[in-house]
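# Geometric and topological summary
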Amino acid sequence: MNSQTKVTGVILAGGQARRMNNQDKGLVNFKGRPMISYAIAAMMPVVNQLIINANRNRERYRQFGLPVVADQTDTFDGPLAGVLTAMIYADADVLVVMPCDSPLVTAEHLRKLVSTRAEQGADVAVAFDGERLHPVFMAIRTTLKSSLEAYLAGGQRKLDLWLEQQNMVKADFSDTPGIFVNINTMTELSALEADGNG
């Protein structure tokens with residue numbers, strides 16, 4: 001990491017997790033540990049500051065010893081609302097974003113997002129698995145805050161659509177596409193635990 005560029009990390013744990021019986025996914029155990037603990041372990045070596053974006057169970061999230069910030073609205077407006085909240089809170093030029101429910105992602109993968117953005121001089125680098133983008137994994141310049149505020153204020157929510165309007169590059173993870181598996185149901189959780197990965 002370039003010592004001049006400060007990096008803040010945000011772990012998105014703000015969703016309603018309807019497919020997970022409305023359980024708070026970051027607090028659901030994967031192999032005996034809350035899923036968010038894997039995200040914290042991946043983020044810590046990469047960032048100068050780390051925050052959790054959560055709209056429920058904030059006291060439980062605070063037990064991980066990190067600042068917990070809620071969306072600006074209480075309407076569960078999706079990942080972009082969490083990204084905007086983090087941009088407002090961040091004391092950094094670059095924000096690294098990941099969700100709370102992808103326990104196979106490591107610090108090495110997050111570093112690749114940061115370095116790809118810096119090397120290509122882009123405003124945002126988004127994870128690409130060779131077939132599709134994974135837009136909740138990105139390194140993004142915090143100067144995009146006003147653009148994002150305007151987009152959300154206009155009633156827009158789609159992450160991909162907003163990213164297409166930015167100076168965006170793809171970070172190539174086609175050699176490890178399986179790391180982006182995210183856990184949306186208890187069935188997926190059981191399958192991943194049984195898989196022997198991670």
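As the structure is a computational prediction, the values presented were derived from the model and not from experiment.

Right, let's get into the sheet that holds strand β1 (residues 7-13). The strands making up a sheet associate through backbone hydrogen bonding, with each pair oriented either parallel or antiparallel. Read across the sheet, 7 strands follow the order β5-β4-β1-β6-β8-β7-β9 without closing on themselves; strand pairing throughout is mixed. Looking at strand neighbours, the two that pair on one side only are β5 (68-69) and β9 (168-172), the edges of this open sheet. Strand direction decides the pairing type here: strand β6 (residues 94-99) and strand β8 (residues 133-141), joined by 4 bridges, are antiparallel. Looking at the pairing, valine 97 lines up with methionine 138 of β8. Seen against the sheet, helix α3 (residues 79-89) touches β1, β4 (49-54), β5, β6 and β8 and runs at an angle of roughly 140° to β4.

Our next topic: the nonpolar core. By size, the foremost hydrophobic cluster in this structure holds 41 residues, and its most contacted members are Ile52 and Leu110. For this core, the element with the highest residue contribution is helix α1 (residues 35-43), accounting for 7 residues. Excluding anything up to four places from it in sequence, leucine 110 contacts Ala42, Met43, Val46, Val96, Met98 and Val105. Ranked by size, the runner-up nonpolar core spans 22 residues in total, among them Ala86, Leu95, Trp162 and Leu163.

Now for the environment of tyrosine 151. With respect to the element layout, tyrosine 151 can be found in helix α5 (residues 145-153). Tyrosine 151 gets classed as buried once you look at its relative accessible area, which sits at 7%. C-alpha separation for the pair tyrosine 151 and tryptophan 162, spaced 11 residues apart in sequence, amounts to 7.4 Å. If sequence neighbours within four positions are ignored, tyrosine 151 has contacts with Leu80, Gln156, Arg157, Lys158, Leu161, Trp162 and Gln165. A distance of 2.7 Å separates a polar side-chain atom of tyrosine 151 from the backbone oxygen of lysine 158.

Here we come to the side chain of threonine 142. Looking at where threonine 142 falls in the secondary structure, it is placed in the loop between β8 and α5. Beyond its immediate sequence surroundings of up to four residues, threonine 142 is in contact with Met87, Ala90, Ala92, Asp93, Val94 and Leu95.

Further remarks concern α5. Listed in full, the buried residues belonging to α5 are Leu148, Tyr151 and Leu152. For α5, the angular spread of buried residues about the axis comes to 95°, placing them on one side. Turned more than 90 degrees away from the buried face of α5 sit Ser146 and Ala153, all of them exposed. One or two steps after α5, the chain reaches glycine 155, where phi turns positive at roughly 85°.

Summary statistics for the protein chain give a mean pLDDT of 90 and a share of 92% for residues scoring 70 or more. When mean pLDDT is taken per element in the protein chain, strand β7 (residues 124-128) scores highest with 98 and helix α7 (residues 186-195) scores lowest with 85.

Scanning the entire structure with this criterion turns up 4 salt bridges. A salt bridge links glutamate 59 to arginine 62; the nearest nitrogen and oxygen atoms lie 2.5 Å apart. Pair noted here: glutamate 59 and arginine 62 are both in helix α2 (residues 58-62), with a separation of 3 residues, about one helical turn. Using a relative accessible area of 38% as the deciding quantity, one classes arginine 62 as partly exposed.

This paragraph deals with the environment of isoleucine 88. By the element assignment, isoleucine 88 lies in helix α3. Residue class for isoleucine 88 comes out partly exposed when judged on its relative accessible area of 40%. Expressed as a C-alpha distance, the spacing of isoleucine 88 and alanine 13, which sit 75 residues apart in the sequence, is 17 Å. With near-sequence residues (within four places) excluded, isoleucine 88 lies in contact with Gln72, Lys145 and Glu149.

Criteria and thresholds
Numbering of residues begins from 1 in every chain and follows the order in which that chain's sequence is written. Two thresholds apply to this predicted model, a pLDDT of at least 70 for residue-level local features and 80 or more for giving and counting side-chain atom pairs, whereas whole-chain, interface and lining totals are computed over all residues. Side-chain numbers come from the whole structure's heavy atoms, not from hydrogens or water. Pairs of strands are assigned from DSSP output, requiring at least two bridges between the strands. Only DSSP runs of H or I with at least four residues qualify as helices, and only runs of E with at least two residues qualify as strands; both kinds are numbered from the N terminus onward. The contact criterion used is simple: two residues touch if any of their non-hydrogen atoms lie within 4.5 Å. A fitted line through C-alpha atoms serves as each axis, taken over the contacting stretch for helices, and the angle formed by two N-to-C directions is quoted from 0 to 180°. What is meant by a nonpolar core is a set of buried Ala, Val, Leu, Ile, Met, Phe, Trp, Tyr and Cys residues, joined one to another through side-chain atoms within 4.5 Å. Buried residues are those whose accessible area, probed at 1.4 Å on protein chains only, stays under 20% of the maximum for their type, while exposed residues exceed 50% and partly exposed ones sit between those limits. Here a polar contact is taken to be a pair of N or O atoms separated by no more than 3.5 Å, where protein atoms must pair a possible hydrogen donor with a possible acceptor and residues adjacent in sequence count only if both atoms sit in side chains. In this context, the arc is that of the directions from the helix axis out to the C-beta atoms. As a per-residue quantity, pLDDT reports the predictor's confidence and falls between 0 and 100. What makes a salt bridge here is a side-chain nitrogen of Lys or Arg within 4 Å of a carboxyl oxygen of Asp or Glu, nothing more.

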